[in-house]
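A closer look at the structure
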Amino acid sequence: MVSNVLLREHTVVVERGRIKTVAPTASMQNLGYPTFDGSRQFLFPGLADMHVHFGSSAEIALNIAKGITTVRNMFGGPDHLGFGKRVRAGEIPGPNMITTSPLVDGLGEQGATIWPGSAFVTNAEEAAPLVSKFKNRGYAQLKVYSLLTLDLLQSLGKAARHHDLPMVGHCPNGVTFEEAIDAGISCFEHLTGILNGRFTGTDAVPDSWPWLSHLWMSSDYLNRIDWESLRRVAGEMAERGVWNCPTITVWQGGWTHPDEATNDERLQFLPQAVTAEWADYATRWIWNNLDATPLEWKSHRSDVLETLLRIVGVLYEEGAPLLVGTDYGNAYTFPGFSLHDELKNLARAGIPTYEVLRAATSEAARFVGQETEWGTIQPGKRADFILTDNNPLQSLDALQAPRAVVVNGMLFDEGELENLLSDVRAAAQSSSLPEAPVLEGPSPADTDQVFRPKNKSLRSAIRVRSRAMTPERLEVAEASVSGADFVRVAALTFHQGTLISAKWRTHSFGGYSTGTIEAVGKGFRVAVTDPDDYEWATEVTSEAIGPGESIAVAAWSAVLKRGIAVEPMLADVNQSELQLARGNWESSRTDGDELWTLSVDKAGTFPRRHQFRLSEDGTIEMSLAGYWGQPIEYAE
């Protein structure tokens, strides 16, 4: 994407994952390399989806099959750092990953961040050490979110500039784009907050959370947008080099009528658990809260989307740089597929095809400062490209079904691309629940229980085995599996309801992590190796400690079954650090059954409730409730 010109009859030589030569075919005879014949076809740089929420190995296949060779992951963690490291080392195929930090948010009225697992700041002094930690940990960008106040955003921006860590994300509620730019945001996601302070008239405008809610609530607001003010801030972004990643696809998907959305043929590539969650979201969060008929909403939705496209058009006309992203991971936004929808959205906004394609290739590389590494087909750059039957410069549809894809120098021909899709489809449509892994735990075990969710759409299982060594000492092994990627096995030893040792191993799309907890003196020592081989350790002074949700929370069922009283602190590992939370236990009896409830209240997040029902016949049932979802009920 150096210029809007075709180089005809050329050959590209790839060596060790890099482009060695690009030259006329007539001058490249008898080189001795294995060859792939692309005669009468078109070679194009690999595409970049610059806003994703990567969470499974299936996304590797879906991205590659649709020509996406680079992604920017927007809620980072050690799994993503591990995945990126494995791709760069050539251990697995792409897509190449750029990952932001975890979300950094403020706290809402309930003392919680919007999304579980987010980091948070409550005063300016907390900003610098948090940003320093994320920079040292290896994240490429700092992602900020909607509940931050202007002073906190400014403090984060100051720290980000000090550490040369680009600050990207949402324009927070109550903050204008101009203020956020001055605070240091270098890229805005989803157009969130772009209309803050940009309405005519004197009537009050609702808060902007949920994102752009003033647009969705009433068409009246569409007629009150101050387009001249919008054009001015677009010009400022052009002048100061501030980017936007509009992700129109997430608006299209998230506000689709359930009857329309559930007929999408792309659902066949997603597990039933995901599609069931999306359908529940569409019904419970959207349609149950709308005072409109489907026809009225469809008309309004069309008006809103046209407004968003008009906003994108203004950004382009004023020269503000743009990226192409999908925000997949959200309802009815599809890994791989939705990027092609977003390319068309930018074209609908009035952006010429060549400029749309630059936004998805060379401009994306320029945004992350890697323009010498990828984004164009030139010697020395990473071998990421697509072979198509038709010319993408004439039609964006040409990119939807590649004839071949090369990522990091790895070639996937047409048959291999089809196999990638077939394998993902077959796994997604499998109706069988996963088996909890075989345990190396206590043997012979006094108890061996497998918990499965009563809701069959949830692809998860937990297995607990236990053995009493003495009346006060108990060995427990727990294994859990979720979907196709996340497996954890843990071996634990309790004494009088307190953990005295634990070791666990977790496997995910990012690789393996391991951890240990050992009682030492008057406290405990925790040591962890993350999926990217980052090692860390810490000690905590506490009289009693027990495993939390990230280690083996179901193991408590074995402890409770023996009638051992417990009041520990709960230990979890998250984002390469130890987190302690008070585990509050309550017990009650109903119809002869004993019900234990473990409440986990962590700072900055909504509470979680784990329940263990001990029946008179000796069986145990589990349930989990928390955040915004319906309770997950498990049974043996």
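Residues numbered from 1 in each chain as written. Predicted model: local features only at pLDDT ≥ 70, side-chain atom pairs only at ≥ 80, totals over all residues. Heavy atoms only, no water.

**Considering the pattern of salt bridges**
Once their charged atoms are close, side chains differing in charge can pair, the charge on each being opposite to the other. Definition in use: By convention in these notes, a salt bridge is any Lys or Arg side-chain nitrogen within 4 Å of a carboxyl oxygen on Asp or Glu. By the criteria applied, helices consist of DSSP H or I runs no shorter than four residues and strands consist of E runs no shorter than two, each listed in order from the N terminus. Exposure is judged per residue with a 1.4 Å probe applied to protein chains only, and the accessible area is read against the type maximum: over 50% gives exposed, under 20% gives buried, and values in between give partly exposed.
A full pass over the atoms with the stated rule returns 32 salt bridges. Lys133 serves as the salt-bridge partner of Glu577, at 2.9 Å between the closest nitrogen and oxygen. Of this pair, Glu577 sits in strand S25 (residues 577-590) while Lys133 sits in helix H3 (residues 127-137), placing them 444 residues apart in sequence. On the accessibility criterion, Glu577 (29% relative accessible area) is partly exposed. Classification of Lys133 as partly exposed rests on a relative accessible area of 31%. The partner of Arg231 in a salt bridge is Glu318, with the nearest N and O atoms 2.8 Å apart.

**Looking at the packing of helix H7 (residues 227-240) against helix H11 (residues 294-317)**
As a reminder, the rule being used: Lines are fitted to the C-alpha atoms to define the axes, a helix being fitted only along its stretch in contact, and any angle between axes, read from their N-to-C directions, falls within 0 to 180 degrees. Throughout, the term roughly parallel applies to angles under 35 degrees, roughly antiparallel to angles over 145, roughly perpendicular to angles from 65 to 115, and oblique to all others. Handedness of a helix crossing follows the sense of rotation of the near helix relative to the far helix, less than a right angle counterclockwise being left-handed and clockwise being right-handed. In what follows, a contact means two residues having at least one pair of non-hydrogen atoms within 4.5 Å.
Packing of H7 against H11 brings their axes to within 8 Å, and their N-to-C directions diverge by 45 degrees. It follows that H7 is oblique to H11 by the angle criterion. Of the two elements, H7 crosses H11, and the hand of that crossing is right-handed. Facing H7, whose interface residues are Trp227, Leu230, Arg231, Ala234 and Met237, H11 presents Thr307, Arg310, Ile311, Val314, Leu315 and Glu317.

**So, the side chain of Asn196**
Applicable threshold: Polar contacts, as counted here, are pairs of nitrogen or oxygen atoms within 3.5 Å of one another; within protein the pair requires one atom able to donate a hydrogen and one able to accept it, and residues that are adjacent in sequence qualify only if both atoms are side-chain atoms.
In this structure, Asn196 sits in the loop between strand S10 (185-189) and helix H6 (213-217). Within the local environment of Asn196, its side chain forms a polar contact with the backbone oxygen of Val175, the two atoms lying 2.8 Å apart.

**Regarding the confidence of the model for the protein**
Note the cut-off: Summary of the metric used: pLDDT quantifies the predictor's per-residue confidence within the range 0 to 100.
Taken residue by residue, the protein gives an average pLDDT of 89. The fraction at 70 or more is 93%. Across residues 208-212, confidence stays below pLDDT 50; counting only partners more than four residues off in sequence or on other chains, it has 20 contacts.

**A closer look at the sheet that holds strand S13 (residues 404-407)**
Two strands in a sheet stick together by hydrogen bonds in their backbones, pointing the same way (parallel) or opposite ways (antiparallel). Going by this rule: What makes two strands pair is DSSP finding at least two bridges between them.
Strands sit in the order S3-S12-S13-S14 across an open sheet of four strands; the sheet is antiparallel. The outermost strands of the open sheet, each flanked by one partner alone, are strand S3 (42-45) and strand S14 (410-412). When strand polarity is set aside, the average angle formed by the axes of neighbouring strands in this sheet is 20 degrees. The sheet contact formed by strand S12 (residues 385-388) and S13 spans three bridges and is antiparallel. The residue bridging Ile386 from the neighbouring strand is Val405, located in S13. Helix H15 (residues 414-429) contacts S13 and S14 of the sheet and is inclined by roughly 80 degrees relative to S14.

**Some thoughts on empty space enclosed by the protein**
Heads up, the rule is: For each structure, a 1 Å grid was placed over the protein atoms alone; sets of points admitting a 1.4 Å probe that cannot get out are labelled cavities, open sets with protein on both sides within 12 Å along at least five of seven lines are labelled pockets, and lining residues have an atom within 4 Å of a point. Grid points are joined across faces, edges and corners, and a volume is the space filled by probe spheres set on the points. Amino acid classes used here: Ala, Val, Leu, Ile, Met, Phe, Trp, Tyr, Cys and Pro are nonpolar; Asp, Glu, Lys and Arg are charged; the rest, including Gly, are polar.
One pass over the full model with this rule turns up two cavities of 30 Å³ or more. In this structure, the largest cavity encloses a volume near 40 Å³. Taken together, Pro45, Gly46, Thr69, Thr70, Trp374, Gly375, Thr376, Arg382 and Asp384 make up the lining of the largest cavity. Residue classes in the lining of the largest cavity are distributed as two nonpolar, five polar and two charged.

**Comments concerning the environment of Leu267**
Following the sequence through the fold, Leu267 ends up in the loop between helix H9 (258-261) and helix H10 (272-286). Sequence-wise, Leu267 and Pro379 are 112 residues apart; in three dimensions their C-alpha atoms are separated by 39 Å.

**Here's the deal with the packing of helix H1 (residues 58-65) against H15**
For the pair H1 and H15, interaxial distance at closest approach is 9 Å and the crossing angle is 145 degrees. Viewed along their axes, H1 and H15 form a crossing whose handedness is left-handed. The segment H1 lies against H15, with Ala58, Ala61, Leu62, Ile64 and Ala65 engaging Leu417, Leu420, Leu421 and Val424. Looking at the contact of H1 with H15 residue by residue, the class counts come to nine nonpolar, no polar and no charged.

**Looking at the pairing of strand S18 (residues 486-495)**
Pairing geometry for strand S17 (residues 473-482) and S18, over 10 bridges, is antiparallel. Note on S18: the bridge partner recorded for Ala477 is Ala491. Following S17, the chain reverses through three residues before pairing antiparallel with S18; Gly483 in that reversal takes a positive phi of roughly 65 degrees. Taken together, the nine bridges between S18 and strand S19 (residues 498-508) define a ladder with antiparallel strand orientation.

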